[in-house]
Amino acid sequence: MAKNKNDGLNRRDFLTKATATGVGTAALTSASGQTSAQETDIHWDLTADFVSIGAGVSGLAGGISALEHGASVILVDENTDIGGHGMISGGNVHLGGGHSIQRKHGIEDSADKIYDDWIRPDHPLARYNDRDLVRVFADENLSTFNWLVDNGVDFDDEQVIGPQMASTIPRQVRVRPWPNRDERYIYVPTRGGDGLVRALEKKVRDGGGTILLRHRMTEIIRETPNSGRVLGITVDAGDKTLNIRATKGVLIATGGHSNNVNLRRVFDARLTEEYFVSGDPYSRKSGDGEIAAMALGASLWGTSAQTNEAERCLRKAGTIGGEFCESSLHWHPDSPIFDEKVRASGLTNINWANLILVTQDGVRFYDETANDYDFMAAALASRGEPNKRNGGGPIWAIFDADAVARQGWNPTPPNVDPNGYFFSADTIPELASKIENPHQPKPMPGDVLENSVTRFNSFVDTGIDADFGKPQPMYKIQTPPFYAAWSTPTIHDSYTGLRINTSSQVINMHGEVIEGLYAAGECQGGFNQHGLGRSIVFGRIAGRHATANT
Ligand SMILES: Cc1cc2nc3c(=O)[nH]c(=O)nc-3n(C[C@H](O)[C@H](O)[C@H](O)COP(=O)(O)OP(=O)(O)OC[C@H]3O[C@@H](n4cnc5c(N)ncnc54)[C@H](O)[C@@H]3O)c2cc1C
């Protein structure tokens, strides 16, 4: 194994790096599986027992767990703040097993019940799961809930939500918002996710862990690509590049792959550039961890989970008029990322009877009130554009001044983003001509949009939507000004990723452990469960196994 120059040990070792981009100066696994080692003299800038790539939910859990076992810990995160998607999440944690809040509400639960629910052959979220991962998840639920409480996470004990997902009984418990929230750090004011990640952050910092923000992992360093331990990582810290040594383990906790268009299209070729990821622009599901691990021969696992059309892989836009509007996000204009990145809070509480949805060509494509996978398939269907054979392009909501009045909307900034995501005009053809957006390759034809509106208005007269069966009441689009608001579906969770074993160790294509490499959260595969619960459980396991081998 390589020795640390800073320890005064021999540094002339054959070391290899695998890059997050798949391209780098160091030796990589080639497409044929052949490798070329390169003699590299690694200078370690920093050393810790346990290093997490990502200071989101699973990274923080892993960090605390490692600290508890006496390890030194470094968490790196490319973002300007900790938390990842956990920060802007609802803070609803799916953990059961018979914990105190379930008992308070008379709900009987056990590890075996969790296991049975999450391997159910009759549920698409359960039938594809790796039974070994579900078993350890089930067995660790109760202890993980208690561990969170011990680590300062404040759960609202007034309710247990559910049954949800594949669970047959209520299990989801909500974390209270972080007390004394600093106004500058409010991202989504209605959310409690900050209560979870701020509590975990405090525990890491109080425990002596180091969190390095604006540090992006670019490489995972291993003795050779095909063998030996993972030794550490390389990070890009803006003005410098650092090598960080991990003597006991590196945790990949990068939060999934959905922001990487090439990687997400491995699973669903329709997911072209126009689909933003729920959670943008707070933090990225970069795919960096998966790509760097795959360059070391890591396997993916349970990839069907990404496309089995269960739960939340894809979502109808439930908030419209801004690039980063999504059904559950309402960005706070005081948040530090609002002006530079978010730009619009969006128009909310949509009554879909008030508008029509059209493609980039101005054509209606489905009953606007629907929210099923047939709706999603219609929205994501290519219309045969010569330069756009995959993906459905932007979807625009078209409505009028009467709809705005009925909804009580104020269609001005910062509620909407007139810079490419919201337009208004006094006539429908003029509205079409104004729509300019990076994902709209050519202007919307005014005559087509006008025909769509006229035809829809005729359905209001007859009371029957002859094209898509939109239920009544329907409202005519007739009173200027007319509006077009960005309403393109969004991508939500990553449901597949790296293959891990029950100790969260990353497994290669031969079914073997890659020593020193762990993965948890949305970048792990094999367990089709939304969100925080599994991220915390497997992050906690990783930190413990790397530092205490249990
Ligand atoms: C709007 C919204 C609401 C949600 N609500 C809920 C909910 O109520 N309940 C629930 O269970 N789940 C919810 N979720 C999902 C939940 O937040 C995620 O599943 C969870 O945060 C995933 O944890 P993670 O550790 O895998 O990733 P994250 O928490 O996203 O953390 C990943 C971290 O890795 C960092 N990173 C990425 N690439 C690199 C790199 N190369 N170098 C360094 N750092 C990197 C990112 O910046 C990020 O901080 C919600 C998600 C969203 C978007």
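Residues numbered from 1 in each chain as written. Predicted model: local features only at pLDDT ≥ 70, side-chain atom pairs only at ≥ 80, totals over all residues. Heavy atoms only, no water.

1. Re the overall build of the protein chain
If you tally the helices and strands in the protein chain, you get 14 helices and 21 strands. Across its three principal directions, the C-alpha atoms of the protein chain cover 80 × 55 × 45 Å. Contacts spanning at least 24 positions in sequence make up 72% of the contacts within the protein chain whose residues lie at least 6 apart. Carbon and sulfur atoms make up 48% of the accessible area of the protein chain, which totals about 20,400 Å². Across the protein chain, 53 positive and 68 negative side-chain charges occur, with their mean positions spaced 3 Å apart. (Helix = DSSP H or I, 4+ residues; strand = E, 2+ residues; numbered from the N terminus. Contact = heavy atoms within 4.5 Å. Areas by Shrake-Rupley, 256 points an atom, 1.4 Å probe, with all protein chains shown as cover. Lys, Arg positive; Asp, Glu negative; His and termini not counted. Charge placed at Lys NZ, Arg CZ, Asp CG, Glu CD.)

2. As for helix H1 (residues 57–68)
Taking 1.5 Å per residue, twelve residues should reach 16 Å; H1 reaches 17 Å between its end C-alpha atoms and fits that length. Of the residues making up H1, those classed as buried are Val57, Ser58, Gly59, Leu60, Ala61, Gly62, Gly63, Ile64, Ser65, Ala66 and Leu67. Directly after H1, the chain includes glycine 70, whose backbone phi takes a positive value near 80°. (Expected span 1.5 Å × (residues − 1). Buried < 20%, exposed > 50% of the residue type's maximum accessible area, 1.4 Å probe, protein only.)

3. Regarding the layout of surface pockets
Here the largest pocket is characterised by a volume of approximately 800 Å³. Taken together, 48 residues form the lining of the largest pocket, with His85, Gly86, Ser89, Lys285 and Glu522 sitting closest to its centre. Secondary-structure elements contributing two or more residues to the lining of the largest pocket are H1, helix H2 (85–88), strand S6 (172–174), strand S8 (216–224), strand S11 (278–281) and helix H14 (532–548). Tallying contributions element by element places H2 first for the lining of the largest pocket, with three residues. Split into classes, the residues belonging to the lining of the largest pocket amount to nine nonpolar, 26 polar and 13 charged. (1 Å grid on protein atoms, 1.4 Å probe; cavity = no way out; pocket = protein on both sides within 12 Å on 5 of 7 lines; lining within 4 Å. Points joined across faces, edges and corners; volume = space filled by probe spheres on them. Nonpolar A, V, L, I, M, F, W, Y, C, P; charged D, E, K, R; others polar.)

4. Here we look at the domain arrangement of the protein chain
Domain boundaries in the protein chain define domain 1 (5–84 + 200–308 + 493–548), domain 2 (87–183) and domain 3 (316–491). If you average the C-alpha positions of domain 2 and of domain 3, the two centres end up 36 Å apart. (Domains from an automatic or database assignment.)

5. Focus: unusual backbone geometry
Of note, the bond from glycine 162 into proline 163 is cis; its omega dihedral lies within 30 degrees of zero at 5°. Considering the arrangement of structural elements, one finds proline 163 in the loop between helix H5 (131–150) and S6. Cis geometry is adopted by the peptide bond preceding proline 414, which originates at proline 413 and carries an omega value of 5°. Locating proline 414 in the fold gives a position in the loop between helix H11 (401–407) and strand S16 (422–425). The backbone of methionine 165 shows a phi angle near 50°, a positive value even though the residue is not glycine. Among the secondary structure elements, methionine 165 is positioned in the loop between H5 and S6.

6. Structural notes on the state of the cysteines
In a disulfide, the sulfur atoms of two cysteines are held together by a covalent bond. Within the structure shown, the criterion is met by zero disulfides. Cysteine 313 forms no disulfide, and the closest cysteine sulfur to it belongs to cysteine 523, at a distance of 16 Å. Look at cysteine 313 and you get buried, because its relative accessible area is 5%. (Disulfide = S-S within 2.5 Å.)

7. A short note on the environment of alanine 126
Considering the arrangement of structural elements, one finds alanine 126 in the loop between helix H4 (111–118) and H5. Residues alanine 126 and phenylalanine 527, spaced 401 residues apart in sequence, show a C-alpha to C-alpha distance of 8.0 Å. Dropping the residues within four chain positions of it, alanine 126 is found in contact with Asp117, Trp118, Ile119, Arg120, Arg131 and Ala166.

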